[in-house]
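# Summary of the model geometry
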Amino acid sequence: MAAQIMPMPDIRGEAFPVLTAEQISRIRPLSKVRNVNVGDILFEPGDTEVPFFVLLSGGMEIVQPELQGERPIVKHEAGEFTGEISMISGRRCLVRGRVTATGEFLQMTNDELRALVARDAALSEIFMRAFILRRVALIRGGYGNVILLGSRHSAQTLRLREFLTRNGHPHAYIDLDTDKSAQDLLDHFQVKPEEIPVVICDNRTVLRSPSIQALARCLGLNEHITASEVRDLVIVGAGPSGLAAAVYGASEGLDVLVIESDSPGGQAGSSSRIENYLGFPMGISGQELAGRASAQAQKFGAKVLIANNVTRLNCEKRPYELTVDCGQTIRARSVVIASGAQYKKPNIENLTQFEGQGVYYGATFIEAQACGKEEAIVVGGGNSAGQAAVYLSQTASKVHMLVRSGKLSDTMSRYLIQRIEENPKIEMHYCTEIVALDGDSQLERVTWQDKNAGEISTYDIRHVFIMAGGAPRTEWLNDCVAMDDKGFILTGRDLDPVLQDYHWPLPRAPLMLETSLPGVFAVGDVRAGNVKRVAAAVGEGSIAISLVHRALAEL
Ligand SMILES: Cc1cc2nc3c(=O)[nH]c(=O)nc-3n(C[C@H](O)[C@H](O)[C@H](O)COP(=O)(O)OP(=O)(O)OC[C@H]3O[C@@H](n4cnc5c(N)ncnc54)[C@H](O)[C@@H]3O)c2cc1C
């Protein structure tokens, strides 16, 4: 009989498959048999290195311990297996597993499971699909070890929600603007308004307006990663290019560490739907793409350190040394710089005051929720702005698209131009720029100028999505590698005119994606001459790995 799962009838079969006797016989040689008795607790929330179990006989239940009692999640029977994505990522377990019927289980360590997954493609597919779907079920069901109590008017609430969501970390969100009983609870604990949002982490620790670093620490998201060893490859940035490099590097046997200042996904993670990435005819949200890519990288053994900003590359030292803002120094024989780009902030005096409180730099479900049915402004004339306008028009009453030049970008996809032109809710304003933002704690009014007519108009619009211009994220590199006049990193033949100034030490010329430092590569949107596409970023990430092998062989 199949597992009984709570809220996900549509995925039951794939999330909780029953293994055949033949499949179990392939697992048996790598595992040991464990006799279990009713009431045995096999794992608890917060445990690390939780074993993987296949039930030969007997039964077990998976529950979520809560402040008051337990919430049932699923019951496993003979032929089924335990685990979800933390089994691959190495992060802390989120649930409790208790034996409900005496029997025999096969037990494997995380490393043994990873070895099995690496050599048995059919089992790998079954496990990975189940682990991902189970994580999705936990997220959709509001399970997990985090409760976030916040307000839609608080920038820090938005930041934490984005962080948890983009990391695929199951959590419950309580909106204090609508749930008055939760507000009473906060009053009871004397939480001051400036301490909101509040996070109850692991059912134990109460964090008041924490940073993403503090939240990541409390959840132990990075505790399975050590900084002491010299890595074959350190990748800076977990956008599409960095994750692609991680998948190819780890699958080809390199010891790979990815360091990400925020959450995996990069710019693509802030996209509601990517429709032109090969293989996804229905489109895929940036977040889902990033979640799958992270799981894939970790399946092959890559480690992903999140909420850690690289602040410096020490190019004098070999192996290279990277300084992380938590104070750690990480050493690497080779480096892939995949730190991407971010929107240029327009020159508006009080812009930062409204960031997260009416001014947003992404357009996913969370920001769309903040905007609700109100009018919105999207600034920009490129693909990402077009995508945001179309997406927001599904919920907003009207979307004003403000474009600085006289037309949409030449690089905007044809399908997007057509959707914008045919959408009655989107109004175009060419040669127009925002000149002022007004409000108290929340954005309340926007003033823009039509540069052709010279006309200045003010509107009561409370939501502005800025999606214009791409500035490279190379501030942390100082003068370590050669860059163009806009700060994008020069690679390969583009280095010819400046190579002498950077004391290139080798008899050979830099390889295709290699920077002016041997063994340091740049890929994706951070590279001079990039094309700002997910597919190109992924392609460059994979090409870089074949070049990393060559560079490592020279050491
Ligand atoms: C809203 C939006 C929609 C888009 N839609 C499409 C689309 O439909 N199709 C398409 O092909 N392209 C699309 N793009 C473009 C595409 O997303 C980018 O080309 C792609 O994400 C570039 O990938 P990347 O890995 O090079 O850089 P990024 O995606 O920019 O990722 C860089 C990562 O590095 C991290 N980082 C930066 N500095 C540091 C540091 N010092 N330490 C640690 N980490 C650091 C960042 O936090 C980030 O996660 C869209 C972009 C946006 C913004």
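Before reading further, recall that the structure is shown in the block above.
Overview of the structure. As a convention, each chain's residues are numbered from 1 in the sequence order in which they are written. Only residues with pLDDT of at least 70 are given local features in this predicted model, and only at 80 or more are side-chain atom pairs given and counted; all residues enter the totals for whole chains, interfaces and linings. Excluded from the side-chain calculation are hydrogens and water; included are all heavy atoms of the structure.

The subject of this paragraph is unusual backbone geometry. Between I196 and P197 the backbone carries a cis peptide bond, its omega angle lying at 10°. In this structure, P319 follows R318 across a cis peptide bond, with omega equal to -10°. In this description a helix means any DSSP run of H or I spanning at least four residues, a strand means any run of E spanning at least two, and both kinds are numbered starting from the N terminus. With respect to the element layout, P319 can be found in the loop between β16 (310-314) and β17 (320-324). Despite not being glycine, N478 shows a phi value in the positive range, around 45°. Mapped onto the secondary structure, N478 falls in the loop between β28 (470-472) and β29 (520-522). Its identity is not glycine, yet H503 carries a phi of approximately 50°, on the positive side. With respect to the helices and strands, the residue H503 is situated in the loop between β28 and β29. A relative accessible area of 67% means that H503 is categorised as exposed. Burial here depends on accessible area, computed with a 1.4 Å probe over protein chains only, as a share of the maximum for the residue type. Under 20% is buried, over 50% is exposed, and the range in between is partly exposed.

Here we come to the packing of helix α12 (residues 383-392) against helix α13 (residues 414-421). Only the stretch in contact is used when fitting a helix axis, every axis being a line fitted to C-alpha atoms; angles between N-to-C directions are given from 0 to 180 degrees. At their nearest, the axes of α12 and α13 sit 10 Å apart, and the two run at 40° to each other. Classified by the angle their axes make, α12 and α13 are oblique. In this structure, the crossing between α12 and α13 has a hand that is left-handed. Packed against α12, whose contacting residues are N383, G386, Q387 and V390, the element α13 presents Y415, L416, R419 and I420 at the interface. If an angle is under 35 degrees, it is roughly parallel; if it is over 145, roughly antiparallel; if it lies from 65 to 115, roughly perpendicular; otherwise it is oblique. If you view the pair so one helix is near and one far, a crossing is left-handed when the near helix is turned anticlockwise from the far one by less than a right angle, and right-handed when it is turned clockwise. Two residues form a contact once any of their heavy atoms are found within 4.5 Å.

Moving on to the sheet that holds strand β20 (residues 359-360). Whether parallel or antiparallel, the strands of a sheet pair through hydrogen bonds between backbone atoms. If DSSP finds at least two bridges between two strands, the strands pair. Taken together, the five strands give an open sheet; going across it, the order is β20-β27-β21-β22-β23, and neighbouring strands pair in parallel fashion. Among the strands making up the open sheet, the edge pair consists of β20 and β23 (426-430). Summarising the sheet, strand β22 (residues 399-403) and β23 pair through five bridges and their orientation is parallel. What sits directly across from M401, in β23, is M428.

So, about the state of the cysteines. When two cysteine sulfur atoms lie within 2.5 Å, the pair is treated as a disulfide. For the structure on display, the rule yields two disulfides. Residue pairing for C201: its cysteine sulfur links by disulfide to C218, the two sulfurs lying 2.1 Å apart. Since a negative S-S torsion denotes a left-handed disulfide, the C201-C218 link at about -120° is left-handed. In this pair, C201 sits in strand β11 (residues 198-201) while C218 sits in helix α8 (residues 212-218), placing the two residues 17 residues apart along the sequence. Pair check on accessibility: C201 and C218 agree, each one buried. Sequence-ordered numbering of the bonded cysteines in the protein chain yields a pairing of 1-2, 3-4. We note that C93 lacks a disulfide partner, and the nearest cysteine sulfur, in C201, lies 15 Å from it.

Before going further, it helps to examine the side chain of R161. Of note, R161 is situated in helix α6 (residues 155-166). Whenever a nitrogen or oxygen atom comes within 3.5 Å of another N or O atom, the pair is scored as a polar contact, on the condition that within protein one atom can donate a hydrogen and the other can accept it, and that pairs from neighbouring residues in sequence are kept only if both atoms are in side chains. A polar contact is formed between the side chain of R161 and the side chain of Q369, at a distance of 3.1 Å. Setting aside chain neighbours within four positions, we find R161 in contact with L148, Y173, I366 and Q369.

Think of an α-helix as turning once every 3.6 residues; residues three or four places apart then point the same way. Among the residues making up α13, those that are buried are L416, I417 and I420. Axial view of α13: buried residues confined to an arc of 100°, hence all on one face. Contacts made by the buried residues of α13 are with α12, β22 and β23. Regarding the arc, it is the one traced by the directions from the helix axis to the C-beta atoms.

Another point: the sheet that holds strand β24 (residues 432-439). In spatial order, the strands read β24-β25-β26; together these three strands make up an open sheet with antiparallel pairing. The two strands at the open ends of the sheet, each matched to only one other strand, are β24 and β26 (455-459). Across this sheet, the average inter-strand angle for adjacent strands is 20°, counted without regard to direction. In the sheet, strand β25 (residues 443-450) pairs with β26 via five bridges, with the strands oriented antiparallel. In the sheet register, W448 faces β26, and the bridge partner there is S457.

Being near a molecule or strand, for a residue, means having at least one of its heavy atoms within 4 Å of it. Of all residues adjacent to the ligand, which total 34 residues, the nearest are S241, E260, Q267, Y343 and Q387. Contact between the ligand and S241: an oxygen atom at 2.7 Å from a side-chain N or O atom of the residue. Between the ligand and N276, the relevant distance is 2.8 Å, taken from a nitrogen atom to a side-chain nitrogen or oxygen of the residue. Only the protein chains shown count as cover for residues, and all accessible areas are computed by the Shrake-Rupley method using a 1.4 Å probe. For the ligand, whose free accessible area comes to 1000 Å², the fraction covered by protein is 96%. The nonpolar class holds Ala, Val, Leu, Ile, Met, Phe, Trp, Tyr, Cys and Pro. Asp, Glu, Lys and Arg form the charged class, and all remaining residues, Gly among them, are polar. When grouped by side-chain class, the residues that make up the shell around the ligand number 13 nonpolar, 16 polar and five charged.

For the rest of this paragraph, the subject is the pairing of strand β12 (residues 205-208). Sheet topology note: the β11/β12 ladder contains four bridges and is antiparallel. By the bridge assignment for β12, C201 is matched with T205. Connecting the antiparallel pair β11 and β12 is a turn made up of three residues, with D202 showing a positive phi of about 60°.

What follows covers the side chain of E162. Within the secondary structure, E162 sits in helix α6. Charge counting treats Lys and Arg as positive and Asp and Glu as negative, with His and both chain ends excluded. Take a side-chain nitrogen of Lys or Arg and a carboxyl oxygen of Asp or Glu: if they are within 4 Å of each other, that pair is a salt bridge. For E162, which is buried and forms no salt bridge, the nearest opposite charge comes from R166, at a distance of 4.1 Å. In this view, E162 contacts I366 and E367; residues no more than four positions away in its chain are not counted.

Turning our eyes to something else, we now look at the environment of S151. The residue S151 is located in the loop between β9 (146-150) and α6 in this model. According to the relative accessible area criterion, S151 is buried, its value standing at 11%. Setting aside residues up to four positions removed in sequence, S151 forms contacts with T157, Y173, D175, D177 and I196. One polar contact links the side chain of S151 to the main-chain amide nitrogen of H153, over a distance of 3.0 Å.

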